[in-house]
Structures are given as structure tokens and as C-alpha cells.
Amino acid sequence: MNDLKALIFDVDGTLANTEKQGHRVAFNRAFRDLGLDWEWSVELYGQLLDVAGGKERIRHYLDHFHPSVSQPLDTEQFVVDLHRRKTHHFLSLLKSGGIPLRSGVKRLLVEARDAGLSLSIATTATLENVTSLLETNMGKTALDWFDVVAAGDVVAHKKPSPDVYLYVLDHLGLRPEQCLAFEDSFNGFSASRAANLPTIITVNEYTRWQAFDGALVVLDRMGEAKRPFTVLQGDVGNARHLTLDLARRLWRRSTQRNA
Ligand code: XBP
Ligand code: MG
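Predicted model, so just to flag it, every value in this text is computed and none were measured.

### Structural notes on the pattern of salt bridges
Per the stated rule, a full pass over the model turns up 16 salt bridges. In this structure, Arg107 and Glu224 form a salt bridge, with 2.7 Å as the shortest nitrogen-oxygen distance. Linking Arg107 in helix 5 (residues 105–114) with Glu224 in the loop between strand 6 (217–219) and strand 7 (231–233), this pair joins segments that are 117 residues apart in sequence. One salt bridge in this structure joins Asp245 and Arg249, with 3.4 Å as the shortest N-O distance. Placement of both Asp245 and Arg249 in helix 9 (residues 244–258) is noted, with a separation of four residues, approximately one turn of the helix. Look at Asp245 and you get partly exposed, because its relative accessible area is 48%. Judged by its relative accessible area of 37%, Arg249 falls in the partly exposed class. The network of salt bridges with shared partners includes Lys55, Glu56, Asp153 and Lys158.

### Overview of the coordination of the magnesium ion (ligand 2)
Protein coordination of the magnesium ion (ligand 2) is provided by Asp10 (OD), Asp12 (O) and Asp184 (OD), with donor distances spanning 2.1 to 2.3 Å. All donors to the magnesium ion (ligand 2) come from one chain, and their sequence spacing reads D-x1-D-x171-D. One end of the pair, Asp12, is in the loop between strand 1 (6–9) and helix 1 (19–33); the other, Asp184, is in the loop between strand 4 (179–183) and helix 8 (186–194), and 172 residues separate them in sequence. Assigned by exposure class, Asp12 and Asp184 land together as buried.

Cut-offs and rules
- Residues numbered from 1 in each chain as written.
- Chains lettered and ligands numbered in written order.
- Predicted model: local features only at pLDDT ≥ 70, side-chain atom pairs only at ≥ 80, totals over all residues.
- Heavy atoms only, no water.
- Salt bridge = Lys/Arg side-chain N within 4 Å of Asp/Glu carboxyl O.
- Helix = DSSP H or I, 4+ residues; strand = E, 2+ residues; numbered from the N terminus.
- Buried < 20%, exposed > 50% of the residue type's maximum accessible area, 1.4 Å probe, protein only.
- Donors = N, O, S within 2.8 Å, 3.2 Å for Na, K, Ca; no water.

Below you can see the structure in the form of C-alpha cells.
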């Protein structure tokens, strides 16, 4: 009988709501630094989030929205420099304490670690963003909680490609059916599902209306006893927040169904 061995977490939108008031604001500050008259509104950014990866998102914007910029001699260097400026601003926002972990995340991490489960990260975001988010919210030893932290360019193909999840599974030496993934977006779920990982979804304001067919459950948050979740898809019995026990029950139901 398989047992649940590892939890694998997406970062942006799952561990913390980093996009609307974090990454988006950092991009706009970087545009101003470089004298660009670009402005990614909340609505436009929601469209651009269909492209995972900050550098990939800038390239997509250049190619598809033809913003006013004198054609840089070296587009790739332009994108790298702009993205570096953006990361600088995002790290400043994190350090100011402006981006907390989502409801229930820390509690679930503690429950899982106390139960001896392996914890890992599988994200499209830049590693230094992940490190800073975790250390700002969980202290200087935060990274020690995680056996594998797979971030950004560690794989050539970002989500919705499964590569970042396959990278984590390979480094853990585990099969997907021994693990449980946590995601927030269609792109992310496409990646975890392509890696055959049972997946729990916690949506956010950008992803609430996306399709998650095949997810174990779709929630609006992991929640707490005093701040229960809302179930958008799936059956959790009379549970009111995502405990390790509930996650295990959902995982077991899924692996028995697929056995
Ligand atoms: C979400 C992303 C990231 C962030 C921006 O990552 O697509 O690219 O939007 O971060 P995930 P960077 O949901 O997989 O955590 O600018 O560092 O890419
Ligand atoms: Mg995400």
C-alpha cells in the first residue's frame, strides 16, 4: 500500500498572494526605472499571467502588445536587465513585510513536517524571490524545511510544462502517486497533472474562474478553524479547513481510485 511521502508546493498564488500587489507592482516600478511608459494594470496583468515566468512574460508583452520602445539592439539583454530590475523591486516589497503567507499555509507546513513528510517547492518564480518570501515569513532557516527547492530557470521549459515537477520527483526519488501537489492556477495544475501528481487547488482572485477538472479539490484558501475555506469543487465531508488529515484523506481517495 502506498503511503503519502511528500508535499510539493507551488509558490506564487499558493504559498502567498504575490501577484497583484507584488510582482505586478515590481514590474511597473522597473518600467519606470528604465524610462518606459508601460503600465501593467490589474486587468492586463491578469491576461499576462497566462504566460509563466517573468522574463517570458516581458517577451510575450513585447511580441504581442508592441509597446512603445525603440527596438533594443539586444532584446534578450534588454529583457534580462528589465527583469533584474523587477526582481530588485519585488525583493524590496518582500523585505518590507508586505507579502504574508496565505491563510493556513504555515500551519499545514508545520503539521506535515511534524508528521515526518518531505516538503518541496516547484515554482516558475526566480529562486531569490522564493528564498526571500520564505525567510521573511518563516525565519532565516526557512529553506531547511524543504528537501528540494526547484525554481525559475532550473528547467528550460516552465509551467504548464511538467518539467519542474519531474525535476522535484527525480531529486526526491519518489513516484508521483507517493506525493501531493498544491497549486493555484490552470498553468500550474496543467504542469502537476502532466506529472501525474494528485493536486489540491487553492484559487486566488486571478484564477478563481479557471478550469481544474481532475483536481482532488478546489478551495478558496487552506483556511483556519476560525477562517474556514469555501469548497468550489470536490467533496471534503464536514471539514472546514485544510488539515494534513484532510489532505491525506483526499490523497488516499485519489490513489485508491487510480490503483
Ligand atoms: C508564478 C510565475 C512567476 C511570477 C513572477 O510562479 O509565473 O513567473 O509571476 O516571478 P508559480 P518571476 O505560480 O509557478 O510560483 O518574475 O521571478 O518569474
Ligand atoms: Mg502559482
